[in-house]
Each structure stands twice: as C-alpha cells, then as structure tokens.
Amino acid sequence: MVVPAPRLQPGLPALCGRTRLTAIFGNPVGHSLSPAIHNAAYAALGMERAYVAFEVKPEHLRDAMRAVTALGILGVNLTVPHKVRALRMLSGASGEARLLGAANCVTNRRGRLLGDNTDARGLQMAVESLGVVLRGTTVLTIGAGGGAAAAVLAALRLGAGRVVIANRTVAKARALGLRLSAVAGPGQQVEWGGLDKLADPALLGDVAAVVNATSVGLKDHRFLRCDYGATQPQTVFYDLIYGAEPTPFMRPAIVLKRRCFDGREMLLYQAALAFRIFNGIEPPVDAMRLALNEALGASGR
Ligand code: NAP
C-alpha cells in the first residue's frame with residue numbers, strides 16, 4: 001500500500017523516505033529563486049521530490065559534484081561561480097554546453113554526470129512567448145560572458161541576420177564572436193567591438209533588439225552610457241537581469257516608451273527545461289511562473 005506523505009505546509013512538496021532531491025549549487029545562493037520555481041512544480045504535480053539550494057564554495061565544488069552521485073541527487077543546476085569550472089568535472093556534456101563553455105544543468109544518469117546548458121533555449125522560448133520577432137533583423141548584445149553567449153546563440157536561432165556583440169573587454173567580445181560565428185547560418189553575421197557601439201547612431205537606428213547580458217544593474221543604480229534615443233520606436237530592450245522593479249537598463253527605455261522586458265521569463269524557461277531534463281516529465285509552466293512572480297515580489301529585489 002502506498003501511504004501518502006505528510007505535507008509540511010500547503011504549497012511545499014511532501015518530504016518522506018522516498019523523497020528524491022534536485023538542487024542548485026552556487027555561492028552565494030541564498031537569493032536564488034530556483035527553489036521556489038521547482039518546488040512549486042513538484043507541489044503542482046504532487047511529486048515526492050524537493051529542490052534545495054546548497055552554498056558551495058569554489059574549493060568544494062569537486063566534492064559537491066561527487067556528492068550528487070553518492071547521495072543519488074537526480075540533478076543540479078549550477079550558478080555563479082560554478083558554471084564554467086564544473087564542465088571539466090563531468091562525465092559528458094551536450095554540444096550546446098560545450099559551445100557555450102558552461103553548464104547550468106547537470107543530470108545524474110546512473111552515476112554519470114551529464115552537463116547541459118538551458119540558458120540559450122530558455123531565452124529563445126522567452127522571446128518567442130513575448131511575441132518578439134527577430135528574423136532578418138539586427139540584434140545588439142551587450143556583454144561577452146556566459147549570459148551573452150546564450151543571448152547570441154538565441155538570436156542566431158531566432159533568425160537574426162546580424163548580431164553585434166559590444167563588451168568592455170574587446171578581446172572577450174572577439175573570442176565570443178569568433179566562437180559563435182561557427183554556428184551562424186547562411187545570411188547571418190556576427191560582429192564585435194567595444195562599448196562605443198552603444199553610441200553608434202547608425203547601429204542603434206538599425207537594431208530591432210538591445211540585450212543587456214552584462215552584470216551592470218545587479219548592484220548599480222545606473223546602466224552604462226547608451227544612446228537610447230537613437231533607437232527606433234519599435235526597438236525592444238531585453239535585460240537578462242530581473243527584479244521586482246524595472247532594472248537600470250530598462251528605465252531610460254521605459255521613459256521613451258520602448259517595449260522592455262526583464263530576465264524573469266528566461267529564468268522561468270531555463271528552469272522549465274531543467275525540470276524536464278531532471279524529472280523526465282513536462283513542467284507545469286504556469287504554476288512555476290506564478291511561484292517565480294510571487295517570490296520575486298516577496299524578495300523586494
Ligand atoms: P559574466 O560571465 O560574469 O559576465 C559579466 C559581463 O558583464 C562581462 O561581459 C563583463 O565585461 C560585463 N561587466 C561587468 N561589469 C561591468 C562594468 N562595470 N562595465 C561594463 N561591463 C561590465 O556573467 P554572466 O554569467 O554572463 O551573467 C551576466 C548577467 O546575466 C548576470 O547579471 C546574470 O545574473 C544574468 N543572467 C540571467 C539569466 C536568466 O535566466 N535571466 C541567465 C544567465 C545570466 P568584461 O568582459 O569586460 O569583464
């Protein structure tokens with residue numbers, strides 16, 4: 001006979017002897033909204049699973065990865081600062097994780113740790129769900145880290161004709177541009193340069209979307225100098241950063257009545273993709289979105 005597991009409180013998944021874990025490793029990790037999103041999905045589906053956050057210091061990452069197999073954890077998400085280094089500790093990785101040079105999602109397949117990266121697909125799904133069409137357009141991506149790599153890949157997959165990478169460190173923009181050029185299709189080109197691109201009227205007048213994939217705005221009150229006024233009224237501004245309030249990148253665009261989005265839908269869809277990879281079933285996206293928006297509101301970020 002299967003005895004239903006006790007629930008600690010409404011909305012939380014049941015914990016019992018059969019409960020299997022999924023998790024996130026980060027440092028810091030206390031601010032992460034992933035536990036709220038994944039646990040809402042387990043609760044909605046009545047699954048005997050739970051998702052917890054572990055603060056893992058960089059020097060303990062290898063031990064933590066070994067614990068995934070030792071404890072039978074089904075899968076872990078990786079966040080700052082582990083995404084890049086963890087790639088070298090895995091039994092295997094998807095082509096996408098290798099292309100992006102980072103894994104944000106690791107599945108335990110009978111003791112083999114397999115890495116994937118759901119950021120680009122998450123952003124692609126977010127952009128599609130928001131009804132933004134990029135086919136044949138020019139996209140300006142600011143930044144050259146892991147988030148920017150995902151943004152460039154998503155833009156190429158969404159059919160952008162020209163993707164321009166602008167970054168403070170031009171050498172990093174160049175390295176990313178060369179790496180992602182390899183997956184550009186016919187009629188698509190990837191260019192790169194410094195932050196002076198944000199004051200190039202010809203470029204800004206041509207862009208369909210500007211994507212902030214830097215960490216500027218996470219702690220800063222102001223975004224970088226950018227000539228928002230040179231963009232077209234239909235230009236879309238997309239920030240990978242998210243918060244309860246409009247981000248510093250979004251604020252000048254809102255004043256100009258441009259369409260703006262923060263990174264919460266990307267976060268949602270990368271989580272939904274990870275949920276499917278970890279658990280092998282379709283994620284309840286609406287319940288996950290509700291939990292994300294509630295947690296974001298409560299976080300006051
Ligand atoms: P990362 O690898 O550390 O890259 C950070 C980028 O920001 C680099 O291009 C860096 O330029 C630039 N930067 C930092 N400080 C700057 C400054 N003061 N002026 C100009 N540029 C500066 O970070 P990441 O992993 O790509 O993440 C970037 C952002 O995306 C983070 O805020 C992260 O939270 C967000 N993100 C969101 C999602 C989501 O699901 N919504 C997913 C992934 C990432 P240099 O190369 O010159 O150092």
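Note: the structure precedes this text.
Criteria and thresholds
- Residues numbered from 1 in each chain as written.
- Predicted model: local features only at pLDDT ≥ 70, side-chain atom pairs only at ≥ 80, totals over all residues.
- Heavy atoms only, no water.
- Pairing = 2+ DSSP bridges.
- Helix = DSSP H or I, 4+ residues; strand = E, 2+ residues; numbered from the N terminus.
- Near = heavy atom within 4 Å.
- Polar contact = N/O pair within 3.5 Å; in protein donor to acceptor, adjacent residues only side chain to side chain.
- Areas by Shrake-Rupley, 256 points an atom, 1.4 Å probe, with all protein chains shown as cover.
- Nonpolar A, V, L, I, M, F, W, Y, C, P; charged D, E, K, R; others polar.
- Domains from an automatic or database assignment.
- 1 Å grid on protein atoms, 1.4 Å probe; cavity = no way out; pocket = protein on both sides within 12 Å on 5 of 7 lines; lining within 4 Å.
- Points joined across faces, edges and corners; volume = space filled by probe spheres on them.
- Buried < 20%, exposed > 50% of the residue type's maximum accessible area, 1.4 Å probe, protein only.

Draft legend 1. Structural detail: the sheet that holds strand β6 (residues 112-116). Overall, mixed pairing links the six strands, which are arranged β2-β1-β3-β5-β6-β4 in an open sheet. At either margin of the open sheet sits one strand with a lone partner, and together these are β2 (49-55) and β4 (92-93). Bridge count between strand β5 (residues 105-109) and β6: five bridges; the pairing is antiparallel. Considered in β6, the bridge of Cys105 is made with Asp116.

Draft legend 2. Examining the site of the ligand more closely. Inspection of the region around the ligand gives 23 residues, with Gly147, Asn167, Arg168, Thr169 and Leu240 positioned closest. Between the ligand and the protein, one listed contact pairs an oxygen atom with a backbone N or O atom of Ser215 at 3.3 Å. Taking Leu267, its main chain carries an N or O atom lying 3.4 Å from an oxygen atom of the ligand. Calculation on the ligand without its partners gives an accessible area of 930 Å², and the protein chains cover 76% of this total. Across the shell around the ligand, the residue classes tally to ten nonpolar, nine polar and four charged. When residues of the shell around the ligand are assigned to domains, at least three map to each of domain 1 (20-117 + 265-299) and domain 2 (121-262).

Draft legend 3. View of empty space enclosed by the protein. One pass over the full model with this rule turns up two cavities of 30 Å³ or more. Of the pockets and cavities examined, the largest cavity occupies roughly 130 Å³. What lines the largest cavity is a set of 15 residues, and nearest its centre among them are Val127, Leu134, Ala209, Val211 and Tyr238. Contributing elements (two or more residues each) for the lining of the largest cavity: α4 (119-129), α5 (146-157), β10 (207-212) and β11 (236-239). The leading source of residues in the lining of the largest cavity is α5, at three residues. Partitioned by chemical class, the residues of the lining of the largest cavity number 15 nonpolar, no polar and no charged. By volume, the second largest cavity amounts to about 40 Å³. In terms of lining residues, the second largest cavity is bounded by Lys83, Leu100, Ala102, Asn117, Asp119, Gly146, Gly147 and Ala150. Ranked by residue count, the leading element in the lining of the second largest cavity is α5, at three residues. Across the lining of the second largest cavity, the residue classes break down as three nonpolar, three polar and two charged.

Draft legend 4. Structural view of the pairing of strand β7 (residues 138-142). Across the five residues of β7, five count as buried, placing the element largely inside the fold. Covered by surrounding structure in β7 are Thr138, Leu140 and Ile142 together with Val139 and Thr141, the residues of both alternating faces. As judged from the five bridges shared by β7 and strand β8 (residues 162-166), these two strands associate in the parallel manner. Its bridge partner being in β8, Val139 is matched across the sheet by Val163. As defined by bridge partners, β7 adjoins β10 across five bridges and the pair is classed as parallel.

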